[in-house]
Amino acid sequence: ASPCALALGTPAAVLAGIGQAARNGVLIKGGVHLENLGATRAMAFDKTGTLTEGRFEITDVIALNGVSETALLQTAAAVEMQSSHPLAQAVVRHAQALDLILSTANGLENVSGLGVRSRVDGTPVAIGSRKLFEAEGEMPPDAVLRVVDDLEGQARTTMIVRQNGQYIGVLGLADTPRAGVKESLQRLLTLGIEHLIMLTGDHEEVAQRIAREIGITDVRAGLMPDQKLDAIAALQSEFGKVAMTGDGVNDAPALATATVGIAMGAAGTAVALETADVALMADDLSKLPFAVGLSQA
């Protein structure tokens, strides 16, 4: 037998599909990924920068231990000037809007999924979630934790600031869902995607608020990058083929493990784009239902 039509027709159809996707702003890195995308029944999503705008705004500045709000912001912004994280950019924007003069910070150390450490005017500064300090074997004082609990109860993302061993304050930030994300997720359900799962390192209250707004019912919050990886493996054992959409350095391991890793192109980090099998080049989540429908076809 010499099934020439089959041998020629299959690659031609796959190449045509990849070309069609590219013309619509979806970069697919191979035929196997095009085919797998339509066979998935579960999709996991990172929250910040994927389901939400990833453009945080400072909502609360709570200074502690006799430090002024200005001094708190100056210290935090000096450190975060060295970082490209969405939370860091929000702090810097807020300080710049107030025309604050910032000291020079150096030696930024990124603690994946927890926060950052640096030095400002020669003194050590740590900024991050409570888990950053717990990882060092130190529980922040009750006064600090009460502020954090209060802000997280209002669905705020929180950043604790410690300088030279003293806790000088807590920053509260808020993010908003992407425009049209609810409609995009609804279209995925219509296409036969049965499970939409949010994976986030953020606090449960914050994650649930966003999930309620956009129509996601399965939320897994408070995850470290390696726990996102474990969550993808667990979803694969439960549902088979699983797609994962994300945009950050912390998402790269999960993107690599998923059956199909999907990166948000314009806002995504280089490592996420490199690791992913599919990139949404216009940074537009509405292209995802298009890509799934194309794959099914």
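Data block above holds the structure.
Here is what the cut-offs are and how they apply
- Position labels on residues start from 1 in each chain and follow its written sequence.
- Given that this is a predicted model, residues contribute local features only at a pLDDT of at least 70 and side-chain atom pairs are listed and counted only at 80 or more, while totals for whole chains, interfaces and linings are drawn from all residues.
- No hydrogens and no water enter the side-chain calculation; it runs on all heavy atoms of the structure.
- The criterion for strand pairing is that DSSP finds at least two bridges linking the strands in question.
- Helix numbers and strand numbers start at the N terminus; a helix is a DSSP run of H or I with at least 4 residues, a strand a run of E with at least 2.
- To get an axis, a line is fitted to the C-alpha atoms, and for a helix only the part in contact is used. The angle between two axes follows their N-to-C directions and goes from 0 to 180 degrees.
- Here a residue-residue contact requires only that any non-hydrogen atoms of the pair lie within 4.5 Å.
- Burial here depends on accessible area, computed with a 1.4 Å probe over protein chains only, as a share of the maximum for the residue type. Under 20% is buried, over 50% is exposed, and the range in between is partly exposed.
- Throughout this description, the term salt bridge denotes a Lys or Arg side-chain nitrogen within 4 Å of a carboxyl oxygen of Asp or Glu.

**Notes on the sheet that holds strand β8 (residues 166-174)**
Spatially, 6 strands are ordered β3-β8-β7-β6-β5-β4 in an open sheet, and the strand pairing comes out antiparallel. Edge positions in the open sheet fall to β3 (57-63) and β4 (105-111), since each of these has one partner strand only. Across the sheet, the mean angle from the axis of one strand to that of its neighbour is 20°, orientation sign disregarded. Of the strand pairs in this sheet, strand β5 (residues 115-120) and strand β6 (residues 123-128) are connected by 6 bridges, and their pairing is antiparallel. Each bridged residue has a counterpart across the sheet, and for Gly115 the counterpart in β6 is Gly128. On top of the sheet, helix α4 (residues 69-80) reaches β3, β4, β5, β6, β7 (157-163) and β8; it is set at about 75° to β8, its chief contact. This element, helix α5 (residues 86-97), spans β3, β7 and β8 of the sheet and lies at about 75° to β3.

**Some details on the pairing of strand β2 (residues 42-46)**
Two faces make up the sheet, and in a regular strand the side chains alternate between them. When you tally the buried positions in β2, you get 5 out of 5 residues, the bulk of the element. Residues Ala42, Ala44 and Asp46 of β2 are buried on one face, and the alternating residues Met43 and Phe45, pointing to the opposite face, are buried as well. Across 5 bridges, β2 lies against strand β9 (residues 195-199) in parallel orientation. Paired with Ala42 across the bridge in β9 is His195. In this structure, β2 lies alongside strand β11 (residues 242-246), joined through 4 bridges in parallel fashion. Directly across from Ala42, in β11, lies its bridge partner Val242.

**What to know about the pattern of salt bridges**
Where charged atoms from two side chains of opposite charge approach closely, those side chains can pair. Per the counting criterion, the structure on display carries 14 salt bridges. Where Arg117 meets Glu109, a salt bridge forms, and the shortest distance between an N and an O atom there is 3.0 Å. On the basis of relative accessibility, which here comes to 24%, the residue Arg117 falls in the partly exposed class. For Arg162, the salt bridge goes to Glu138, with nearest N and O atoms at 3.0 Å. Residue Arg162 is located in strand β7, and its partner Glu138 is located in the loop between α6 (130-135) and α7 (142-153); the two are separated by 24 residues in the primary sequence. Via salt bridges that share partners, Glu109, Arg117, Glu136, Glu138 and Arg162 belong to a single interconnected network.

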